[in-house]
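Per-entry structural report
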Amino acid sequence: MSDQYEFPPFHVYALAHRCATCGAQPGQACDVPRKQAEIDKMNALRAQLGRELVAPDPLHLLHATRIDAGSRHRDKDIGKAPWPEDRQPGVRYDTLGEHWQPAQP
Ligand SMILES: [Zn+2]
């Protein structure tokens, strides 16, 4: 891993927000039974065919309103952070606090 600071991915930002669509609290998954059922159906089919199961894109299991909120938050953090070449090693420039732990080098 490089010592270059990387902002947390979009789904981590989205998860840190309360969902305006289903009311999921920060850190809780969205209530998306139909999307989950689609994935389960596809994986059941893959299992029948002896194929490897696919892990869904974490963004696919979140509501769009929540992704938008997370995305605005992420843009704001990136906008406030120094240019990549001016960032200090070991310093976090996101404002997610307890909602995210950077990977250990
Ligand atoms: Zn939701």
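A few points on the structure. (Residues numbered from 1 in each chain as written. Predicted model: local features only at pLDDT ≥ 70, side-chain atom pairs only at ≥ 80, totals over all residues. Heavy atoms only, no water.)

Points about the coordination of the zinc ion
Cys19 (SG), Cys22 (SG), Cys30 (SG) and His63 (ND1) make up the full set of protein donors to the zinc ion, lying at 2.0 to 2.4 Å. Here the zinc ion is ringed by four donor atoms whose angles at the metal span 108 to 112°, and the overall shape comes out tetrahedral. Each donor residue of the zinc ion belongs to the same chain, with the gaps between them written as C-x2-C-x7-C-x32-H. A residue pair is termed long-range when its members are at least 10 positions apart, and Cys19 in the loop between helix 1 (10-15) and helix 2 (33-48) and Cys30 in the loop between helix 1 and helix 2 qualify at eleven residues. Each of the two residues, Cys19 as well as Cys30, counts as buried. (Donors = N, O, S within 2.8 Å, 3.2 Å for Na, K, Ca; no water. Tetrahedral: all angles 85-135°; square planar, octahedral: opposite > 155°, others 65-115°. Helix = DSSP H or I, 4+ residues; strand = E, 2+ residues; numbered from the N terminus. Buried < 20%, exposed > 50% of the residue type's maximum accessible area, 1.4 Å probe, protein only.)

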